[in-house]
Amino acid sequence: MMKFRFRRQGNDPQREKIKQDLFAFNKTVEHGFPNQPSSLAYDPKLRIMAIGTKSGAVKIYGAPGVEFTGLHKETATVTQMHFLPGQGQLLTLLDDNTLHLWGIFQKDGYSHLEETHSFLLPGRPGFDSANVPDDYRCGKALGPVESLQEHPQDPSKILIGYSRGLVVIWDQSTRHIDHLFLGNQQLESLAWERSGSILVSSHSDGSYMIWSVSDDSARTLQPTTSTVPYGPFPCKAINKILWRTCESGSHFIIFSGGMPRASYGDRHCVTVLQGQTLVTLDFTSRVIDFFTVYNTEPKDEYDNPSALVVLVEEELVVIDLQTPGWPTVPAPYLAPLHSSAITCSYHISNVPLKLWERILSAGKRQSPQLASMNWPINGGKNLAQEPTQRGLLLTGHEDGTVRFWDASGVSLRPLYKLGTANIFQTDCEHADSLNQASEEEWPPFHKVGCFDPYSDDPRLGIQKISLCKYTAKMVVAGTAGQVLVMELSDEKSEHQVSVATMDLLQDREGFTWKGHDQLSPKNGSLAFPPGFQPTMLVQCLPPAAVTAVTLHSEWNLVAFGTSHGFGLFDYHRRNPVLARCTLHPNDSLAMEGPLSRVKSLKKSLRQSFRRIRKSRVSGKKRTNPNSPNSKVQEANAQLAEQACPHDVEMTPVQRRIEPRSADDSLSGVVRCLYFADTFLRDATHHGPTMWAGTNSGSVFAYALEVPSQEKFSERAVEAVLGKEVQLMHRAPVVSIAVLDGRGSPLPEPYEVSRDLAKAPDMQGSHSVLISSEEQFKVFTLPKVSAKTKFKLTAHEGCRVRKVALVTFTSVAFEDYTENCLACLTNLGDIHVFAVPSLRPQVHYDCIRKEDISGIASCVFTKYGQGFYLISPSEFERFSLSARNITEPLCSLDFIRPHDTTCVSNDYKGSPKLSQANGTHVLPASEGNHSFVDGAGTPEHSQAALSPASIDSPNSTDTTLDSTADITVEEVKDFLSSSEEAEKNLRNIAEDDTRSPGILIK
């Protein structure tokens, strides 16, 4: 008797090494604007900026390419941030009463951000442990401390502002009050003038007061001037104010808020006042904070501010204060991706230099540079190599715009914006959001920023984009069935856009469209600026949202699909070629449109029961391959799954796919369209083909008769149905791709003719890779016989959401590449399969399965990277390739004093430190170490280190500025002497009867 010993298949070490050189998963960088920003900080010595968010993220920015990202373990709002100037350290305060110290460190020649220490502030910071009399412990006598700032010339003196209006200068060295200012309005913020001889205060009634600091008297009873800039009617509070001196003699006063309450109380404004010039910068979202870039060296006599940096909820705006008119400075990063809501994304790799330069030129002519200064936040060095290829990321938006982004490197840079709203007559005529106020209007509003949350018409929304990088032709399709064929022009032009309609219902009876109306194109010639200009408008009827689009510029064809069917259009001859209805008789929802879709519970239950009944008998049915059927039925049989008998126990790794009902709602939705030059009719003649896949698992393949380029104008394109197949389990078809005789994906149009890609193998037999939501399957062509498959639904509940053919290059050998299929599922994980064998290679967890919008927004690149939205305003970039990685590689040079860790060296990690003697600051080592931003940045924020600093939850301006270092011992002395200070304040206040703003117990 012969015995056979089968060796268990194990991992091939050589193959594992190749996989390590090909595949590696990394989340590399976050593009866009931080979601829900809550705080701002600036280091004038290192010229870097930090933004904190409500989710606990910390992001530091310098020159383009210089980025650092950190995330607190606690999901809490970052309420304050302060740089230790020039030291590469950042202090953060969260709303959960924790304090954190971050540091920038060098590793392998690059800088990175780490949290070094943190501790919890017990109780109300500065009160419960401070030596303060009981009647002052509540903070109601003087109110909470609203502002605490260091003297710009004398670091031993601190300016303390109390909520009820009292302002004092406290001398830390003598532990006495140097000066008392008796204000009688509720205080919001304070700011020093550079010399320290003047200070300015802002108040809740919309006023600001200028106070003179004199050595002649210890008390100042009245301000030098008091102004309500937007009075005389009641105004909102001025939340923050700055004073900046200029060599020209006209100083700057900059403040946020203060608008007339009744008329403009809902406006979000920052006012810039210089001499007789006043401009009200009007933003579309709430102002978080602002600072100025100005001279901070002690030898400089004047501030001479060069730029104003304003952080609002939805964008960051930089104003050039040196150029007349104070124009905005274009941002090389932090652009608000969501200036209008993102509706789709499209990535193009290896963009030709000529196309790149033409897009750049169109963008510059569209937005001419008005500012004379460069980007002022320019600290650090970008050490990353120049990108080896140019990458474009296109985003479609709700307002009908398509935005072009430079996605070649770490910084996602805006290049060009294409608008489509001007082609149509919308419900509300499109208005330029940057139109300025007339000279007579008061306040003199000046619209700034590009965030615009309002859309004129939701039908304008862009749903699908396709672009040919070799001919600069593009197709943009929208929510109301509009398909625009566009061409890049270097000059402005005036012409009429040709319009054609295509009825995808094909006179199908029994269907009535209940959705939105189509957009009406404008009549006559229209003026178009340089850039992509529309040449043809194809309107689908009914005007449902376009769900798929593809372009073949070599054949002058565009294909598009909706929930009703698909069409093929010859944009050279401007003739329709093909229209096919894909509706099932029960597709009633497809007629309601996305803006008015309602599904009845009764119908949903009926379909569920039908599905259950069909699943019970599906295992008993087998397809008879020998039955005399038509060619269509034969192709269906070859594509159909071999159902498993009921008595076979299914293993966990091969779960049986339950068939879907043929009358599922929206079964006619066209999910994908594809052009290919392949063998469809027979094995000896190849030619142009078009493929379409639907939500019900139907695949349509058409043979196309495309005339040669010399005869384009003479002969029309013809389409003949070559194959119509039905996946047995009716899973939606996500993607279709034809592979050549070597098993490689076919090149893009013009790639071979321009010697940019290897010619496809037309000698060996071709195959088609069909990806559905449940499995991948390779069929030979032209017979459409099953070759290999992989059932992804081996994992319970797993469904394919996004797929792409990706080329991976080895990190060890540049000339070794593999073509693979990358797949993102509804569980948020990514699978990579070899092509055409469909062998699984790697599997990574990428997106949380609960993040449905993130999964839906994912787009893969051709060379193993990807993007997905982590918030409405941010893309997460990731890489599946071990070689092709885009990540911040930068360095930041600074001089950090010896042992400046604000924690004893005995501590490791990030301990929760105990508190003693009422000192709620980081314990410092020997030497003077500032806790907050300094070196002449008194505007940056006004903090709270005093006993009454964080008493009130409504305290709005509780940050600290420092122009020199504050030691822990000095803070201890200040806190321990608080009782004496309070007594002195009370005695002085009692002696003066003209201070109604102070309540003495």
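Note that the structure is predicted; figures quoted are calculated from it, not measured.

> What exactly am I supposed to notice about the packing of aromatic side chains here?
For any pair of aromatic rings, the description consists of the separation of the ring centres together with the inter-plane angle of the planes. Under the counting rule described, the total for this entry stands at 23 aromatic pairs. Taking 6.3 Å as the distance between ring centres and 65° as the angle between the ring planes, the aromatic pair formed by Tyr230 and Phe255 counts as edge-to-face. Pair noted here: Tyr230 is in the loop between strand E18 (225-227) and strand E19 (238-244) and Phe255 is in strand E20 (residues 252-257), with a separation of 25 residues, a long-range link. Neither residue differs from the other here; Tyr230 and Phe255 are each classed as buried. On the basis of an interplanar angle of 45° and a centroid distance of 6.0 Å, the ring pair of Tyr868 and Phe878 is categorised as tilted. Separated by 10 residues along the polypeptide, Tyr868 in strand E58 (residues 865-871) and Phe878 in strand E59 (residues 874-881) bring together distant segments of the chain. Across the ring face of Tyr294, the terminal group of Arg244 is positioned such that the distance to the ring centre comes to 4.1 Å. Seen from the ring of Phe105, Arg896 lies directly overhead, with NZ or CZ sitting 5.1 Å from the centre.

> Explain the pairing of strand E3 (residues 48-53) to me, please; I cannot follow it from the model alone.
Across a regular strand the side chains alternate sides, sitting on one face of the sheet and then on the other. Most of E3 is tucked away: six of the six residues are buried. The side-chain alternation of E3 yields two buried faces, one formed by Ile48, Ala50 and Gly52 and the other by Met49, Ile51 and Thr53. The pairing of strand E2 (residues 37-43) with E3 spans six bridges and is classified as antiparallel. Bridge pairing in E3 places Leu40 opposite Ile51. Once E2 ends, the chain turns through four residues before running back antiparallel as E3, passing Arg47 with a positive phi of about 55°. With four bridges joining them, E3 and strand E4 (residues 57-61) adopt antiparallel strand pairing. Bridged to Met49 within E4 is Tyr61. Here E3 hands over to E4 after three residues, with Gly56 in that stretch at a positive phi of 90°.

> Help me out: how do you make sense of the sheet that holds strand E52 (residues 785-791) in this one?
To summarise the sheet geometry, strands pair through backbone hydrogen bonds and adopt either a parallel or an antiparallel arrangement. Ordered in space as E49-E50-E51-E52, the four strands form an open sheet in which the pairing is antiparallel. Strands at the two margins of the open sheet, each flanked by one partner only, are strand E49 (733-739) and E52. Looking at each pair of strands side by side, their axes are set apart by 15° on average, direction ignored.

> Sorry if this is basic, but what is going on with unusual backbone geometry here?
Looking along the chain, the bond that leaves Leu541 and enters Pro542 is cis, with omega of -5°. Pro782 follows Leu781 through a cis peptide bond whose omega is 5°. Structurally, Pro782 is set in the loop between strand E51 (775-780) and E52. A positive phi is found at Asp108, a non-glycine position, where the angle reads about 55°. Turning to its location among the elements, Asp108 is positioned in the loop between strand E8 (98-107) and strand E9 (110-120). A residue is classified by how much of its surface remains accessible, and Asp108, at 67% relative accessible area, is exposed. At Ala472, a residue that is not glycine, the phi angle is positive and equals roughly 60°. On the basis of relative accessibility, which here comes to 5%, the residue Ala472 falls in the buried class.

> I tried to follow helix H1 (residues 13-22) on my own but got confused; where do I start?
Quick reminder: α-helices carry 3.6 residues per turn. Residues three or four places apart thus point the same way. Among the residues of H1, Lys19, Asp21 and Leu22 are the ones counted as buried. Along the axis of H1, the buried residues cluster in a sector spanning 160°; they form a single face. With respect to the buried face of H1, the exposed residues turned more than 90 degrees away are Pro13 and Gln20. On its buried side, H1 packs onto strand E1 (23-32), strand E53 (800-809), strand E54 (817-825), strand E56 (840-845) and E59.

> Just to check I follow, could you spell out the confidence of the model for the protein for this structure?
Reading predicted coordinates in detail is not appropriate for stretches of low pLDDT. Counting all residues, the mean pLDDT for the protein is 82, and 77% of those residues have values of 70 or more. Across residues 430-437, confidence stays below pLDDT 50; counting only partners more than four residues off in sequence or on other chains, it has 12 contacts. The low-confidence segment residues 899-979, where pLDDT is below 50, has 247 contacts with residues more than four positions distant or belonging to other chains.

> I keep staring at the sheet that holds strand E43 (residues 565-570) and nothing clicks. Help me out?
Spatially, E41-E42-E43-E44 is the arrangement adopted by the four strands of the open sheet, whose pairing is antiparallel. Two strands close off the open sheet at either side, each with one partner strand: strand E41 (548-552) and strand E44 (575-581). Pairs of neighbouring strands in the sheet enclose a mean axial angle of 10°, with direction left out of account. Bridge count for strand E42 (residues 557-561) against E43 is five bridges, and the pairing is antiparallel. When the sheet's bridge partners are listed, Leu557 is paired in E43 with Asp570.

> How should the nonpolar core be read in this particular structure?
When a protein is soluble and globular, its nonpolar side chains tend to lie buried together. Residues Ile359, Leu392, Phe404, Leu418, Met474 and Phe532 are the most contacted members of the largest nonpolar core, which totals 34 residues. No other element matches the four residues that helix H4 (residues 353-366) contributes to this core. Apart from the residues lying within four places of it in its own chain, the contact partners of Phe532 are Ile359, Phe404, Tyr416, Leu418, Leu467, Ala472, Met474, Met486, Glu487 and Leu488. Counting residues in each nonpolar core, the second largest holds 21 residues, with Ile51, Phe291, Met373 and Trp375 among its members.

Cut-offs applied
- Residues numbered from 1 in each chain as written.
- Predicted model: local features only at pLDDT ≥ 70, side-chain atom pairs only at ≥ 80, totals over all residues.
- Heavy atoms only, no water.
- Phe/Tyr/Trp six-rings, centres within 6.5 Å; stacked < 30°, edge-to-face > 60°.
- Helix = DSSP H or I, 4+ residues; strand = E, 2+ residues; numbered from the N terminus.
- Buried < 20%, exposed > 50% of the residue type's maximum accessible area, 1.4 Å probe, protein only.
- Lys NZ or Arg CZ within 6 Å of the ring centre and 35° of its normal.
- Pairing = 2+ DSSP bridges.
- Axes fitted to C-alpha atoms, helices over the stretch in contact; angles between N-to-C directions.
- Arc of directions from axis to C-beta.
- Contact = heavy atoms within 4.5 Å.
- pLDDT = per-residue confidence, 0-100.
- Core = buried A, V, L, I, M, F, W, Y, C linked by side-chain atoms within 4.5 Å.

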